Amino acid sequence: MIERVNAYVLSSRKFKDSLRLAHVFTLEYGVQTYLFRTGKKGENISFFQPLNAIQFTGKKSDGKLEIVKDMSLSSIYESIPFQVEKSTVALFISEFLYRCLPEHYVNIEVFELIKNTATRLDNSDKAGTLPIHFIAQFALEMGFLSEEYDLSDRKSTRLNSSHLVISYAVFC
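The structure presented is a predicted model; accordingly, all values stated were derived computationally and were not measured. (Residues numbered from 1 in each chain as written. Predicted model: local features only at pLDDT ≥ 70, side-chain atom pairs only at ≥ 80, totals over all residues. Heavy atoms only, no water.)

**Q** Even after reading the chapter, I still don't get the sheet that holds strand β5 (residues 66–68), so can you show me in this structure?
**A** Where strands meet in a sheet, backbone hydrogen bonds hold them as pairs that are either parallel or antiparallel. Ordered in space as β5-β3-β2-β1-β4-β6, the 6 strands form an open sheet in which the pairing is mixed. Strands at the two margins of the open sheet, each flanked by one partner only, are β5 and β6 (71–73). Geometrically, the sheet is characterised by an average inter-axis angle of 45 degrees between neighbouring strands, direction not taken into account. The pairing of strand β1 (residues 3–15) with strand β4 (residues 53–58) spans 6 bridges and is classified as antiparallel. Bridging from a neighbouring strand, Y8 pairs with A53 of β4. Sitting on the sheet, helix α1 (residues 84–100) touches β1 and β2 (19–26), and the angle it makes with β1 is about 95 degrees. Lying over the sheet, helix α2 (residues 108–123) contacts β1 and β2, oriented at roughly 70 degrees with respect to β1. (Pairing = 2+ DSSP bridges. Helix = DSSP H or I, 4+ residues; strand = E, 2+ residues; numbered from the N terminus. Axes fitted to C-alpha atoms, helices over the stretch in contact; angles between N-to-C directions. Contact = heavy atoms within 4.5 Å.)

So, in structure tokens, the structure goes:
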């Protein structure tokens, strides 16, 4: 069944003249690989920047590559594409997710974490310790940490007191 799919770009590469092979994390199907039509001159190449939020019409790819024809940006970032520090953080987070998330893994909480992190990165003045906070929250969502650690309370948050103090972002 073909439907409108929300996704974040994890990685992409050129595939023939008018196609782009992209690994995306979708809300509905998890990590998927699709072929996107970009046109002969690569008109839509900017859609495939790391951590870009896109929408497309497609279906779950069960072992074969699906070609997507209709795509658009679901949210347009104001500062991530234009500031090197922020685009580097977006590249780091998308590469981290590409390496850590298994194929066809669906997790709504991780999708919301990516959405909130991308919005926070775009709206903040500096990226600072955002990658460390993202990795700690990701570890919590994936079940590596117990629920007793409240990452939203910055004053008293300690992840396993002998390893990492999140509020200071210092390894002890």
